[in-house]
Amino acid sequence: MKHALSIKDLHKTYEGRKVALSGVDLDIEEGEFFAFLGPNGAGKTTLISITCGLVQKTKGKIIVQGHDVDTEGDDAKLHIGLVPQEFNADIFTKVEDILYIQAGYYGVSRKEAKPQVEMLLEKLSLKDKRNNTPMELSGGMKRRLMIARSLVHKPTFLFLDEPSAGVDVELRLEMWKFLRELNESGVTIVLTTHYLEEAEKLCKRIAIINKGEIKRIGTMDEVRGGRPLEEVYLEITA
């Protein structure tokens with residue numbers, strides 16, 4: 001299988017000598033649905049941010065869909081969609097326009113983007129909100145908008161950083177259904193989550209990360225080792 005993401009010896013030390021990542025090695029195959037589990041401050045968001053070119057690494061090598069992020073960063077970014085933890089779209093711009101503007105950042109014209117925009121508005125139940133601004137959306141609707149925005153340029157690799165944090169059960173189940181369909185269409189998905197059930201329901205492989213290091217990685221059965229996932233997680237992150 002071809003690697004969608006390959007990370008070798010990744011380190012990140014912030015000012016004040018705070019170590020966020022310490023020698024992370026990771027390979028994710030094309031078409032995988034993969035989860036990072038770990039407490040706040042474990043290094044999950046830092047790893048995603050470095051891969052997406054938002055944070056400078058201290059040391060290491062990252063290859064996304066065959067493109068080295070150091071020497072082919074623009075090519076790597078074309079393959080990546082990112083749903084961040086925090087809502088970061090212009091609250092005064094209409095939902096539909098947010099999607100078209102995002103497409104434009106990737107060189108996709110309004111005409112070319114229209115079928116994808118319409119599909120995302122439909123699939124994520126945003127069609128009736130297309131002329132609303134984010135100020136008029138609920139927290140769950142804002143989350144859907146962030147997912148739609150991340151997919152408007154048809155990335156092959158999607159990062160979701162705490163995608164269901166703060167959303168109700170109904171939306172969470174709808175989101176899971178959409179993400180399964182997306183993964184089945186060939187998109188590689190990596191999510192970070194505090195919900196162990198979310199990882200168990202969606203992902204074939206998981207990694208538990210703590211204090212900047214991957215402590216355990218493998219299939220769900222390999223990580224659990226015959227024990228409840230919650231028990232293993234609490235033991236590793238204690």
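The rules we used
Residues numbered from 1 in each chain as written. Predicted model: local features only at pLDDT ≥ 70, side-chain atom pairs only at ≥ 80, totals over all residues. Heavy atoms only, no water. Helix = DSSP H or I, 4+ residues; strand = E, 2+ residues; numbered from the N terminus. Rg over C-alpha atoms; globule rule 2.2 N^0.38 Å. Buried < 20%, exposed > 50% of the residue type's maximum accessible area, 1.4 Å probe, protein only. Contact = heavy atoms within 4.5 Å. Areas by Shrake-Rupley, 256 points an atom, 1.4 Å probe, with all protein chains shown as cover. Lys, Arg positive; Asp, Glu negative; His and termini not counted. Charge placed at Lys NZ, Arg CZ, Asp CG, Glu CD. Pairing = 2+ DSSP bridges. Axes fitted to C-alpha atoms, helices over the stretch in contact; angles between N-to-C directions.

Counting secondary structure elements, the protein contains nine helices and 10 strands. Against the 2.2 N^0.38 benchmark of 18 Å for 238 residues, the protein shows a C-alpha radius of gyration of 18 Å, consistent with a compact globule. With 238 residues in all, the protein has 50% of them scored as buried. Long-range contacts, defined as pairs at least 24 residues apart, comprise 67% of the intrachain contacts of the protein with a sequence gap of at least 6. A total accessible area of about 11600 Å² is found for the protein, and carbon and sulfur atoms account for 49% of it. Computed over 34 positive and 37 negative side-chain charges, the separation of the two mean positions in the protein equals 2 Å.

Moving on: the side chain of threonine 188. You can see threonine 188 is positioned in strand S8 (residues 188–193). Excluding residues within four positions of it along the chain, threonine 188 makes contact with Ala4, Ile28, Glu29, Glu30, Gly31, Glu32, Thr156, Phe157 and Leu158.

Let's shift gears to the sheet that holds strand S5 (residues 67–68). Across the sheet, four strands lie side by side as S2-S1-S4-S5; this open sheet has antiparallel pairing. This sheet does not close on itself; its edge strands, each paired only once, are strand S2 (18–29) and S5. When strand S1 (residues 3–14) meets S2, the two strands line up antiparallel, connected through nine bridges. Bridged to tyrosine 14 within S2 is lysine 18. Taken strand by strand, helix H1 (residues 44–51) contacts S1, S2 and strand S4 (59–64), and its axis lies near 115° from that of S1.

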